[in-house]
Amino acid sequence: MIKNNLRKIDPSLFNIVRSQSSKDEFECIVYYNSLNNMVNYINKTGCCKIVKEYPFISALGVKVPLKNINNLVAYKNLNYITSVANVETQVNRAKKVSNLDRLYNQGLSGKGVTVAIIDTGVIPHLDFVYPSDRIV
């Protein structure tokens, strides 16, 4: 069944799934069309356990027994499924580099102001382009 839905599964997660034993359970990120539909499907089928919600990117962190991955990937309201990755912000570093503390100490809060930091290292990673492209 996964073969029929390969466009919905991240290649790195597919490799993890292929190397697991049928008794294994693993964590992944599920991107959905509708939170209510996705949660109802998970509760109804028991295919996985929700461990975290990411409403700002329309996603859920779930634990899935390998035997249930096909049912999860085949669900019509699931857009994409990826492996879990650790992500860290570097706001403190950017704050120092851009000298924002000086402005804050002068009484400027930045309220109503958009700040852009141009970084030549930005690539169209899934975190930036799904569910919509946020790279300007």
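This text gives an overview of the structure that appears in the document. The shown structure was predicted, so the numbers you read here are calculated from the model rather than taken from an experiment. (Residues numbered from 1 in each chain as written. Predicted model: local features only at pLDDT ≥ 70, side-chain atom pairs only at ≥ 80, totals over all residues. Heavy atoms only, no water.)

## Digging into the pairing of strand β2 (residues 49–54)
Piece 1. Summarising the sheet, β2 and strand β3 (residues 59–65) pair through 5 bridges and their orientation is antiparallel. Residue Glu53 lies in a different strand from β3, and its bridge partner there is Leu60.
Piece 2. Counted between consecutive antiparallel strands, the loop separating β2 from β3 contains 4 residues, among which Ser58 sits at a positive phi close to 50°. (Pairing = 2+ DSSP bridges. Helix = DSSP H or I, 4+ residues; strand = E, 2+ residues; numbered from the N terminus.)

## Here we look at the side chain of Thr82
Piece 1. If you trace the backbone, Thr82 turns up in strand β4 (residues 78–83).
Piece 2. Discounting residues that sit within four places of it in the chain, Thr82 has contacts with Asp10, Leu13, Cys28, Ile29, Tyr31 and Leu126. (Contact = heavy atoms within 4.5 Å.)

## A closer look at the sheet that holds β2
Piece 1. What the 4 strands build is an open sheet, ordered β2-β3-β1-β4; its pairing is antiparallel. Each edge of the sheet is formed by a strand with only one pairing partner; in this case those strands are β2 and β4. The mean inter-strand angle of the sheet, taken between neighbouring strand axes irrespective of direction, is 30°.
Piece 2. The sheet contact formed by strand β1 (residues 25–32) and β3 spans 7 bridges and is antiparallel. Residue pairing for β3: Cys28 is matched across the bridge by Val62.
Piece 3. Strand contacts of helix α1 (residues 11–19): β1 and β4, with the helix running at about 65° to β4, the strand carrying the most contacts.
Piece 4. Across the sheet, helix α2 (residues 35–45) is in contact with β1, β2, β3 and β4; its angle to β3 comes to roughly 15°. (Axes fitted to C-alpha atoms, helices over the stretch in contact; angles between N-to-C directions.)

## Some thoughts on the packing of aromatic side chains
Piece 1. Evaluation of the coordinates by the stated rule reveals 2 aromatic pairs.
Piece 2. Ring centres of Tyr41 and Tyr75 lie 3.9 Å apart, and the angle between their planes is 15°; on these two criteria the pair is classed as stacked. You can see Tyr41 sitting in helix α2 and its partner Tyr75 sitting in the loop between α3 (69–74) and β4, a full 34 residues away along the chain.
Piece 3. Residue class for Tyr41 comes out buried when judged on its relative accessible area of 17%.
Piece 4. When the ring of Tyr54 is compared with that of Phe56, the centres are 6.2 Å apart and the planes differ by 90°; the resulting orientation is edge-to-face.
Piece 5. Using a relative accessible area of 65% as the deciding quantity, one classes Phe56 as exposed. (Phe/Tyr/Trp six-rings, centres within 6.5 Å; stacked < 30°, edge-to-face > 60°. Buried < 20%, exposed > 50% of the residue type's maximum accessible area, 1.4 Å probe, protein only.)

## Description of the environment of Ser34
Piece 1. Structurally, Ser34 is set in the loop between β1 and α2.
Piece 2. There is a polar contact of 3.2 Å between the side chain of Ser34 and the backbone nitrogen of Asn37. (Polar contact = N/O pair within 3.5 Å; in protein donor to acceptor, adjacent residues only side chain to side chain.)

## Some words on α2
Piece 1. Where α2 is concerned, the buried positions are Met38, Tyr41 and Ile42. One side of α2 carries all its buried residues, which in axial view fall inside an arc of 95°. The exposed set on the far side of α2, more than 90 degrees from its buried face, consists of Asn36, Asn43 and Lys44.
Piece 2. Taken together, the buried residues of α2 touch β1, β2, β3, α3 and β4.
Piece 3. Immediately downstream of α2, the backbone of Gly46 shows phi near 65°, a positive value. (Arc of directions from axis to C-beta.)

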